[in-house]
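Structure at a glance
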Amino acid sequence: MTAFVTNATGAVRRFLRDRRGATALEYGLIVMCIFLAIIVAVTMVGNDASDTFNSVANSMDNAIQ
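Okay, so let's go over this structure. (Residues numbered from 1 in each chain as written. Predicted model: local features only at pLDDT ≥ 70, side-chain atom pairs only at ≥ 80, totals over all residues. Heavy atoms only, no water.)

**A look at the overall build of the chain**
Put simply, the test is: Working definition: helices are DSSP H or I runs of at least four residues, strands are E runs of at least two. Numbering for both runs from the N terminus. We compute the radius of gyration over the C-alpha atoms and compare it with the globule rule, which gives 2.2 Å times the number of residues raised to the power 0.38. Think of it in three bands: residues with accessible area under 20% of the maximum for their type are buried, residues over 50% are exposed, and the middle band is partly exposed, with areas taken using a 1.4 Å probe on protein chains only. Surface accessibility in these figures is a Shrake-Rupley result with a 1.4 Å probe; residues are shielded only by whichever protein chains are displayed. The sign given to each residue is positive for Lys and Arg and negative for Asp and Glu; His and the chain ends receive no count. Just so you know, the charge point we use is NZ for Lys, CZ for Arg, CG for Asp and CD for Glu.
Scanning the chain for helices and strands turns up 2 helices and 0 strands. Relative to its length of 65 residues, the chain is extended, with a C-alpha radius of gyration of 28 Å against a globular reference of 11 Å. Each principal axis of the C-alpha atoms in the chain carries an extent, and together these give about 90 × 20 × 5 Å. Considering the chain as a whole, with its 65 residues, one finds that 2% of them fall into the buried category. Total accessible area on the chain stands at roughly 6100 Å², and carbon and sulfur atoms take up 69% of it. Between the mean site of the 5 positive side-chain charges and the mean site of the 5 negative ones, the chain shows a separation of 40 Å.

Below you can see the structure in the form of C-alpha cells.
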C-alpha cells in the first residue's frame, strides 16, 4: 500500500510541474482572439456592404419612378 501512495504522490507532483498544457492553452486563447477579431471584421464589413446595396437599390427605385 505504501508503494501505491508513493507512486500516486509522484504522479501528482509530475502532473503539477508539467507546463506543456499551459502552452497549448495559450495557443488556444490566441486562436480564439483571432477568430473573434475575424468575426467582428466580417460582420462590420457585411453590414456596411448591406447598407451600400440598400442605398443603391433605393436610389434606383427612386430614379425609375
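Alright, that's what it looks like, and here's the rest.
**What about the environment of Asn58?**
You can see Asn58 is positioned in helix H2 (residues 20-64). Counting along the chain gives 53 residues from Asn58 to Val5, while the straight-line C-alpha distance between them is 77 Å.

**What about a nonpolar patch on the surface?**
The criterion, for reference: Without a salt bridge and with relative accessible area above 30%, a residue can belong to a patch; like charges are then joined within 9 Å and nonpolar side chains (Val, Leu, Ile, Met, Phe, Trp, Tyr) within 5 Å. Definition used for salt bridges: Asp or Glu carboxyl oxygen within 4 Å of a side-chain nitrogen of Lys or Arg.
Taken together, the side chains of Leu25, Leu29, Met32, Phe35, Leu36 and Ile39 define a hydrophobic patch exposed on the protein surface, amounting to about 590 Å² of accessible area. Taking relative accessible area as the criterion, Leu25 reaches 56% and is therefore assigned exposed.

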